[in-house]
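Analysis of the macromolecular model
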Amino acid sequence: MKNPKHLWVHLAILIAAAGVVIHVGALFAGESWFVFFNAPPSVIASQRAGTWLAPVSGLAIAGLMGLCGYYAASSIGLAPRPPLQRLGLAAMATVCIVRALLLPVLAISHPELRNTFEIVAAIVWGVAGVGLAVAFGFADNRLRVRNRAY
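Just so we're clear, the structure is a prediction, and the values are computed from it rather than from any experiment.

1. Examining the overall build of the protein chain
Across its full length, the protein chain holds 6 helices and 0 strands. The secondary structure elements of the protein chain, listed N-terminal to C-terminal, are α-α-α-α-α-α. For the protein chain, with 150 residues in total, the buried portion stands at 35%. Partitioning the intrachain contacts of the protein chain with sequence separation of at least 6 by distance along the chain shows that 62% fall at a separation of at least 24. If you average the places of the 11 positive and of the 4 negative side-chain charges in the protein chain, the two averages end up 20 Å apart.

See the structure below:
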């Protein structure tokens, strides 16, 4: 690791990859994973009934998490630069950080959110958000360095 800030980006990549594994794995592991990972009741019912909502939503979320990891990896040169890299990283970082910061506010009026899973998830996605924000900074620096070379 050339720069200590790369650790944040690597954490974001790792968190995104774990999210992909969890969401795809739940499709094969069955209803117990959906319940354990606090899927909405409609998704759990879909898994039970074998309807399309559970697999489609699981794959869609896994795809979005995979994009987060790819965009973060591209900021430190581990993957080719995707389209709208800086905009994508900014949006992803914002979503992750807002998701983390909303839990304490929502937990006041929704006591069911006051559990270990939700707190850990908020912290984990907060860390991913910081990593994506750092990745945004690296993407900017790589662009400037590339433009100076010409």
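2. A few points about the packing of helix H4 (residues 53-75) against helix H5 (residues 85-109)
Put simply, H4 and H5 touch, their axes get as near as 10 Å, and they point 125° apart. The orientation of H4 with respect to H5, classified from their angle, is oblique. Note on packing geometry: the crossing formed by H4 with H5 is left-handed. Counting all contacts with H4, which are made through Leu 67, Cys 68, Tyr 71, Ala 72, Ser 74 and Ser 75, the residues of H5 involved are Gln 85, Gly 88, Leu 89 and Met 92.

3. What about the packing of aromatic side chains?
Under the definition given, this model contains 4 aromatic pairs. Each ring, one from Trp 33 and one from Phe 37, has its centre 5.8 Å from the other, and the planes form 70°; the classification is edge-to-face. Ring geometry for Phe 36 and Phe 37: centres 4.9 Å apart, planes at 85°, overall edge-to-face. Overall, Phe 37 belongs to the partly exposed group, its relative accessible area being 28%. Aromatic ring contacts, followed pair by pair, group Trp 33, Phe 36, Phe 37 and Phe 117 into a single cluster.

4. As for the nonpolar core
Val 9, Leu 89, Trp 125 and Leu 132 are the most contacted members of the largest nonpolar core, which has 20 residues in total. Counting only elements with at least two residues in this core, the list comes to helix H1 (6-29), H4, H5 and helix H6 (116-148). Of all the elements, H6 adds the most residues to this core, at 7 residues. Not counting residues up to four positions away in its chain, the partners in contact with Leu 89 are Tyr 71, Ala 72, Ser 75, Leu 132, Ala 135, Phe 136 and Ala 139. Ranked by size, the runner-up nonpolar core spans 6 residues in total, among them Ala 26, Ala 39, Ile 44 and Ala 54.

5. Here we look at the pattern of salt bridges
Going through the model one piece at a time under the given rule, you end up with 2 salt bridges. Residue Arg 48 is joined to Glu 31 by a salt bridge in which the shortest nitrogen-to-oxygen separation is 2.7 Å. On the criterion of sequence distance, the pair formed by Arg 48 in helix H3 (residues 41-49) and Glu 31 in helix H2 (residues 31-36) is long-range, its members being 17 residues apart. Close ionic contact of Arg 99 with Glu 118 constitutes a salt bridge, the shortest N to O distance being 3.9 Å. Here Arg 99, found in helix H5, pairs with Glu 118, found in helix H6; they are 19 residues apart in sequence, far enough to count as distant. Residue classification places Glu 118 among the buried residues on the basis of a relative accessible area of 14%.

6. Looking at unusual backbone geometry
In this structure, Asn 38 is a non-glycine residue whose phi angle is positive, near 55°. Looking at where Asn 38 falls in the secondary structure, it is placed in the loop between H2 and H3. Positive phi values are uncommon outside glycine, yet Leu 84 reaches one of about 50°. In this structure, Leu 84 sits in the loop between H4 and H5.

Calculation notes
Residues numbered from 1 in each chain as written. Predicted model: local features only at pLDDT ≥ 70, side-chain atom pairs only at ≥ 80, totals over all residues. Heavy atoms only, no water. Helix = DSSP H or I, 4+ residues; strand = E, 2+ residues; numbered from the N terminus. Buried < 20%, exposed > 50% of the residue type's maximum accessible area, 1.4 Å probe, protein only. Contact = heavy atoms within 4.5 Å. Lys, Arg positive; Asp, Glu negative; His and termini not counted. Charge placed at Lys NZ, Arg CZ, Asp CG, Glu CD. Axes fitted to C-alpha atoms, helices over the stretch in contact; angles between N-to-C directions. Parallel < 35°, antiparallel > 145°, perpendicular 65-115°, else oblique. Left-handed = near helix turned anticlockwise from the far one by under 90°. Phe/Tyr/Trp six-rings, centres within 6.5 Å; stacked < 30°, edge-to-face > 60°. Core = buried A, V, L, I, M, F, W, Y, C linked by side-chain atoms within 4.5 Å. Salt bridge = Lys/Arg side-chain N within 4 Å of Asp/Glu carboxyl O.

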